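In case you want the letters, here they are:
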Amino acid sequence: MSKVDLLDRVITYLADAGVGDRSLRQIAAGAGTSHRMLIYHFGTRDALLVEVVRAVEERQRVALAQIQHKVTARTPRDMALEFWQRLADPALAPYERLFFELYGAALAGQESVAPVLDGIVTSWLADESMFGGLPLAQARMALAFTRGALLDLLATGDRAGVDAAVQAFVDLVWPLSGPPEEP
């Protein structure tokens with residue numbers, strides 16, 4: 001089994017079961033492999049978890065790029081709302097909980113998963129077209145808002161309320177019309 005296949009199995013398992021204090025052996029069993037295979041391909045449990053976060057993030061960047069490169073002509077606001085609909089899909093909730101669980105552990109100072117923070121923001125900002133051509137500071141704001149909205153949705157389950165907040169944010173960033181004219 002390839003490293004990519006193993007990583008996919010681990011992501012699927014952890015998205016369903018969560019990370020918690022699961023040992024490498026438990027993760028391996030849940031993913032249908034041996035702990036030795038995981039050690040061979042990833043080294044340590046925490047190195048594996050860092051790869052999990054990076055892979056989940058990459059999947060979301062690819063999804064956004066696919067939305068942006070659809071043949072139909074759409075505005076950045078339309079793409080932002082479509083991307084939100086994808087992120088808010090209940091089928092992705094386990095992966096998002098996994099992302100935030102590992103992100104939080106890294107932020108809390110768990111040194112073994114600290115590498116998860118490398119590029120956690122800059123990888124999204126590297127492609128200037130990623131956020132509809134927004135200037136860097138606004139693109140960073142959009143990323144921060146999106147993550148906050150996901151946390152809100154995961155914590156409250158209030159899809160209608162969070163959708164309304166996302167709509168309001170998109171309206172602020174990409175208004176339907178230009179700024180009002182000066183008298």
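Procedures and definitions
Residues numbered from 1 in each chain as written. Predicted model: local features only at pLDDT ≥ 70, side-chain atom pairs only at ≥ 80, totals over all residues. Heavy atoms only, no water. Helix = DSSP H or I, 4+ residues; strand = E, 2+ residues; numbered from the N terminus. Polar contact = N/O pair within 3.5 Å; in protein donor to acceptor, adjacent residues only side chain to side chain. Buried < 20%, exposed > 50% of the residue type's maximum accessible area, 1.4 Å probe, protein only. Arc of directions from axis to C-beta. Contact = heavy atoms within 4.5 Å. Salt bridge = Lys/Arg side-chain N within 4 Å of Asp/Glu carboxyl O. pLDDT = per-residue confidence, 0-100. Phe/Tyr/Trp six-rings, centres within 6.5 Å; stacked < 30°, edge-to-face > 60°. Lys NZ or Arg CZ within 6 Å of the ring centre and 35° of its normal. Core = buried A, V, L, I, M, F, W, Y, C linked by side-chain atoms within 4.5 Å.

Draft legend 1. View of the side chain of arginine 45. Topologically, arginine 45 is positioned in helix 4 (residues 45-68). Polar contacts involving the side chain of arginine 45 include one to the main-chain carbonyl oxygen of arginine 22, which spans 2.6 Å. Within the local environment of arginine 45, its side chain forms a polar contact with the side chain of aspartate 46, the two groups lying 3.0 Å apart.

Draft legend 2. Spotlight on helix 3 (residues 35-42). The complete set of buried residues in helix 3 reads Leu38, His41 and Phe42. End-on view of helix 3: buried residues confined to an arc of 75 degrees, all on one side of the axis. Structural note: helix 3 exposes Arg36 and Tyr40 on the side pointing more than 90 degrees away from its buried face. The inward-facing, buried residues of helix 3 abut helix 1 (3-17), helix 2 (24-31) and helix 4. Once helix 3 ends, the next one or two residues include glycine 43, with phi positive near 90 degrees.

Draft legend 3. Representation of the pattern of salt bridges within the structure. Within this structure, the stated rule accounts for seven salt bridges. Here arginine 147 makes a salt bridge to glutamate 57, at a shortest N to O gap of 2.6 Å. Remark: glutamate 57 occurs in helix 4 and arginine 147 occurs in helix 8 (residues 136-156); sequence separation between them is 90 residues. Exposure remark for arginine 147: the relative accessible area of 10% places this residue in the buried category. By relative accessible area, glutamate 57 is classed as buried at 8%. When the shortest N-O distance is used, the salt bridge between aspartate 171 and arginine 77 registers 2.6 Å. With a gap of 94 residues between them, aspartate 171 in helix 9 (residues 159-173) and arginine 77 in helix 5 (residues 76-87) connect regions that are remote in the sequence. Assessed through its relative accessible area of 10%, arginine 77 is described here as buried.

Draft legend 4. View of the confidence of the model for the chain. Confidence in the prediction for the chain averages 88 pLDDT; 95% of positions are at 70 or higher. Across residues 179-183 the pLDDT falls below 50, and counting only partners more than four positions away or on other chains, this stretch makes zero contacts in the model.

Draft legend 5. Molecular detail of the packing of aromatic side chains. What the rule picks out here adds up to five aromatic pairs. Ring geometry for phenylalanine 83 and tryptophan 124: centres 6.2 Å apart, planes at 55 degrees, overall tilted. In this pair, phenylalanine 83 is assigned in helix 5 and tryptophan 124 in helix 7 (residues 122-125), connecting sequence segments 41 residues apart. The same class applies to phenylalanine 83 and to tryptophan 124, which are both buried. Ring plane angle 75 degrees and centroid distance 5.0 Å describe the contact between phenylalanine 99 and phenylalanine 100, whose orientation is recorded as edge-to-face. Comparing phenylalanine 99 with phenylalanine 100, the two get one shared label, buried. Through a chain of ring-to-ring contacts, the aromatic side chains of Phe83, Trp124 and Phe131 assemble into a single cluster. A cation sits over an aromatic face here: arginine 61 above tryptophan 124, 5.6 Å from the ring centre.

Draft legend 6. A look at the nonpolar core. Ranked by size, the top nonpolar core spans 59 residues in total, and within it Val10, Leu14, Leu38, Leu48, Val52, Trp84 and Phe131 carry the most contacts. If you tally residues by element for this core, the top one is helix 4, at 10 residues.

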